Structures are given as structure tokens and as C-alpha cells.
Amino acid sequence: MKVESKRKLHPALFYASLFCLSLLTSPLQAAEPGSTPVTPKLFGPGDTLEVTITAPWQDLERNKKYQGTYPATIEYKDHTGKHLTHDLTVERRGVKRQEACRIPPIRLRFEKDEVKNTIFRGQTSLKMVTHCQNSDRYDQYYILEMMAYRMYNLVTDYSFQVRSLSVTYKDSESGEKDTDRFAFLIEDDSDVAKRHGLKKLEIPRLGPSRFDKTTAGDIALFELMIGNVDWSALKGPDPEECCHNIKLIAPRPLSDGDKVWPIPYDFDAAGIVDAPYAMPPDHLGLDSVTQRMYRGYCVHNDALPEARQKLISQQAAIMAVLDSDDRLVERSKKKAAKYLEKFFKIMEDDKDFERLVVKKCRK
């Protein structure tokens, strides 16, 4: 249900809102006469994609120990109105959300030939964030998580793009349907790398001096903005793979002097989302996920002035993202806006920025 806001927007926020909406919902440009229509990209300007995914959902929900694939189909209408159906597989993914969610996050796996010349062209593996529980309030958490990705898109192109979905889940055995459920897809890290002429990098650990400083500064302040401490750019729980909720992209082969670009993801534990199951790590001494803590590295402090000014200059556009999806109800929108406003007060105050950010860096 669309919730109308009676609040008058500041002119800068109004125009920023229009700009964001145009990016998220702009229609396809008409093809030139005689030209071949261009299939739109999955990630890029586009509204919510309506899909029906048929799979043995009841088995997937109940059988938590099985982490393998299930046969499935996905149905949707393409940009010409043509009805398409593709075979694929679905599987459970994630750690915390598998424990907390009735509907866990899903990975979609395609055969390239199956989706050739469609909106899913080139895709072989896509992460899908689901509604987690049947309660409508859970949709609000993941709408906000999707918005966090879009906010970071405004900060840097070294970021994951997302696409919102309206999903009908059809059980392949019982025929039962769960309709019009919110979900979103996350761009694959290899595609992020490809956009920048780089490759994804998988290594056990990395020192902070290897990171591109601009991107490292952007990440540290952005994570502070959304109140996320559930990340590490140096190492992760798996001793064979860096990092935690960070993907790395870099030139390949990687030489000693080459820089590495960290790309953050998985924001459901952020304060702006405030999911009921999210808890800060015990060793940080925080009372809740809404309590902010700066976790950037001191070696990147000289990148902070640029990152700070970038966020300040994008404040109106970032706040406007909250108005970009009618599924976010007014209560959730106001709570998130208030949370962001507290961050920008820190950014605008030199003493607070020095005390709460610069002097809190990690060695």
C-alpha cells in the first residue's frame, strides 16, 4: 500500500528524489526505426521485476541440513511483454539468516545457454535476498537493506548493484503459492570486477595498506553511516578466504604494487535495518546494532576528508533513496531518516568528526 507523506521536501531533496526515481524506474528508450531492440540489463535502470519461481519450497524450508540444489523454473515477462520460462536450480545460502529465517536467502544458478539473449544473459549464479518470515514487517528490513546498497551506489561505482523483485513462490509439489513477496537480487562480484577491467580476488588475508585508499575511506564512513560493524576487510571466519562481508577485486595477475578494491555487502546487521535477530559481536562491547562504531583503519585516514565531503555532498540524494520505494512504510522511513540524520550531524561537526571518527581508527 502506498503511503503518502505530508512532509514538504527541501528543494534539494525534492530534485534529488526525482533523480533517484528516474534511475530506478526509467523506461526503456525507444529503438531507432529498423534497429534491433536492445534487451535491458538486469542491473541498471529498471523497475521491480515480477517473477514466479517454482521449486519444492516446502522441502527447502524444512530440510535445513541439505545445502544442495533443487530443480526450479523462473517465469516472467520481458521488456516486449513476451512470457519467458527458464530452468534453473535454487539452493539455501548464508549463515545467520539460515538460522533466523523461515525463507532463507537463496542462490539462483542458471545455465548460460538457457538465458541467452534475455535479461538474465551472462548470469550463472545470483544471490537473492528473501523476505525471511511471513510477517509483512520483515519486508521492511530487507527493503532497507536493498536501499543501503543503492545509497552506496551513489557514493562509488565500486559497489554491488541490486534489482528489486516481486516474487510468487509456487511449490512444485503441492501447487501452493505465496504471492507478491519482496526480494532483491545482488550483482555477482565477477561482474563488478568486469565493469572496472579487474578480476575478483580470493586470498586468505590482506594488509590494509594494499587497499585503494579512496575506496577504503568510502567503505569505512559508509558502514558508519548505516551503523554496520559486521565486516572485516582483512580476514574472515574462513582461514582460507578473506574477508567478512567484503569481496575483493584487483588486477590479475596481482603484482606487489597493485592496489586492491574492497566491495562491501550483506547489510542486514546494520543499525539502519535493525533486524530483530541482529546482534553486534560480543568483543566490540556494543549494546545494540543501532550503536555506531567507526571501524576504519588509521592507514586510510588521509582519505577521510574526501570521503567525508563526498557523503555530505550526497546527503540529499542518499536521503531521497528512502522515498524511492512505496513499499517502505512511513514509520520505517522516518526511523531510517532519523538514524541517517544523526550521522550527518557528526559529518558536519569538525570536533565530532575528529573525536568519533579520526581518533577511533584501527591500527
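Scroll up a little and you will see the structure.
Below is a summary of the structure that appears in this document. (Residues numbered from 1 in each chain as written. Predicted model: local features only at pLDDT ≥ 70, side-chain atom pairs only at ≥ 80, totals over all residues. Heavy atoms only, no water.)

**Points about the state of the cysteines**
Here is step 1: For the coordinates displayed, the defined rule picks out 3 disulfides.
Here is step 2: A sulfur-sulfur separation of 1.9 Å characterises the disulfide bridge that pairs cysteine 242 with cysteine 243. A torsion of 75 degrees about the S-S bond marks the disulfide between cysteine 242 and cysteine 243 as right-handed. Neither residue differs from the other here; cysteine 242 and cysteine 243 are each classed as buried.
Here is step 3: By sequence-ordered numbering of the bonded cysteines, the protein has its disulfides arranged as 1-2, 3-4, 5-6. (Disulfide = S-S within 2.5 Å. Buried < 20%, exposed > 50% of the residue type's maximum accessible area, 1.4 Å probe, protein only.)

**A short note on the pattern of salt bridges**
Here is step 1: Evaluated as defined, the whole model comprises 21 salt bridges.
Here is step 2: Taking the shortest distance from any N to any O, the salt bridge between aspartate 218 and lysine 310 comes out at 3.0 Å. Here the residue aspartate 218 occupies a position in helix H6 (residues 213–226), and lysine 310 occupies one in helix H7 (residues 304–313), the gap between them amounting to 92 residues.
Here is step 3: Linked by salt bridges that have partners in common, Arg97, Glu145, Asp266 and Asp268 make up one network. (Salt bridge = Lys/Arg side-chain N within 4 Å of Asp/Glu carboxyl O. Helix = DSSP H or I, 4+ residues; strand = E, 2+ residues; numbered from the N terminus.)

**Comments concerning unusual backbone geometry**
Here is step 1: Going from cysteine 242 to cysteine 243, the amide bond is cis rather than trans, its omega being 25 degrees.
Here is step 2: Tracing the sequence through the fold places cysteine 243 in the loop between H6 and strand S9 (246–250).
Here is step 3: With omega at 0 degrees, the peptide bond leading from arginine 252 into proline 253 counts as cis.
Here is step 4: Its location among the elements puts proline 253 in the loop between S9 and strand S10 (261–264).
Here is step 5: The backbone of asparagine 245 sits at a positive phi, close to 60 degrees, despite the residue not being glycine.
Here is step 6: As for its position among the elements, asparagine 245 is in the loop between H6 and S9.
Here is step 7: Look at asparagine 245 and you get buried, because its relative accessible area is 5%.
Here is step 8: A positive phi angle, close to 65 degrees, is found at aspartate 266, a residue other than glycine.
Here is step 9: Its place among the elements puts aspartate 266 in the loop between S10 and H7.

**Digging into the layout of surface pockets**
Here is step 1: Taken as a whole, the largest pocket holds about 1,100 Å³ of empty space.
Here is step 2: Broken down by secondary-structure element, the contributors of at least two residues to the lining of the largest pocket are helix H3 (96–100), strand S4 (106–109), strand S5 (125–129), helix H4 (136–155), strand S8 (199–201) and S9.
Here is step 3: In terms of residue count, S5 provides more of the lining of the largest pocket than any other element does, 4 residues in total.
Here is step 4: Each residue belonging to the lining of the largest pocket can be placed in one class, and the counts come to 14 nonpolar, 6 polar and 19 charged. (1 Å grid on protein atoms, 1.4 Å probe; cavity = no way out; pocket = protein on both sides within 12 Å on 5 of 7 lines; lining within 4 Å. Points joined across faces, edges and corners; volume = space filled by probe spheres on them. Nonpolar A, V, L, I, M, F, W, Y, C, P; charged D, E, K, R; others polar.)

**Some remarks on the sheet that holds S4**
Sheet strands line up and pair through hydrogen bonds in the backbone, either parallel or antiparallel.
Here is step 1: Taken in spatial order, the 7 strands close into a barrel running S1-S2-S3-S4-S5-S7-S6, and their pairing is mixed. Here the strands of the sheet are splayed against their neighbours by 40 degrees on average, with no regard to which way each runs.
Here is step 2: Sheet topology places S4 next to S5; 4 bridges connect them, and they run antiparallel. Bridged to arginine 107 within S5 is lysine 127.
Here is step 3: Of the strands in this sheet, S5, strand S6 (162–171) and strand S7 (177–186) are in contact with H4, which crosses S7 at around 20 degrees. (Pairing = 2+ DSSP bridges. Axes fitted to C-alpha atoms, helices over the stretch in contact; angles between N-to-C directions. Contact = heavy atoms within 4.5 Å.)

**Examining helix H9 (residues 330–348)**
Here is step 1: When the terminal C-alpha atoms of H9 are compared, their 26 Å separation across 19 residues agrees well with the 27 Å that a helix rising 1.5 Å per residue should span.
Here is step 2: Taken residue by residue, H9 has Glu330, Ser332, Lys333, Ala336, Ala337, Tyr339, Leu340, Phe343, Phe344, Ile346 and Met347 as its buried positions. (Expected span 1.5 Å × (residues − 1).)

**Some details on the environment of arginine 97**
Here is step 1: Secondary-structure assignment places arginine 97 in helix H3.
Here is step 2: C-alpha separation for the pair arginine 97 and cysteine 132, spaced 35 residues apart in sequence, amounts to 7.6 Å.
Here is step 3: With residues up to four places along the chain from it excluded, the contact list for arginine 97 reads Pro105, Val129, Tyr142, Glu145, Asp266, Asp268 and Tyr277.

**Thoughts on the packing of aromatic side chains**
Here is step 1: With the rule as written, the count across this model stands at 13 aromatic pairs.
Here is step 2: On the basis of an interplanar angle of 75 degrees and a centroid distance of 5.4 Å, the ring pair of tyrosine 76 and phenylalanine 120 is categorised as edge-to-face. Taken together, the residues tyrosine 76 in strand S2 (residues 70–77) and phenylalanine 120 in the loop between S4 and S5 connect sequence positions 44 residues apart. Phenylalanine 120 shares its class with tyrosine 76; the two are buried.
Here is step 3: An aromatic cluster is built from Tyr149, Tyr152, Phe182, Phe184, Phe222 and Phe267, whose rings are joined through pairwise contacts.
Here is step 4: Stacked on the ring of tyrosine 339, the Lys or Arg arginine 292 has its end atom at 3.8 Å from the ring centre.
Here is step 5: Taking the ring centre of tryptophan 231 as reference, the NZ or CZ of arginine 362 above it sits at 5.7 Å. (Phe/Tyr/Trp six-rings, centres within 6.5 Å; stacked < 30°, edge-to-face > 60°. Lys NZ or Arg CZ within 6 Å of the ring centre and 35° of its normal.)

**Notes on the nonpolar core**
Here is step 1: In terms of nonpolar packing, the biggest core is built from 81 residues, with Met151, Leu221, Met225, Leu248, Ile272, Leu322 and Val357 touching the most fellow members.
Here is step 2: Looking at this core, the element that brings in the most residues is H4, giving 13 residues.
Here is step 3: Other than its neighbours up to four places away in sequence, methionine 151 contacts Phe222, Met225, Ile272, Ile318, Val321, Leu322 and Leu340. (Core = buried A, V, L, I, M, F, W, Y, C linked by side-chain atoms within 4.5 Å.)

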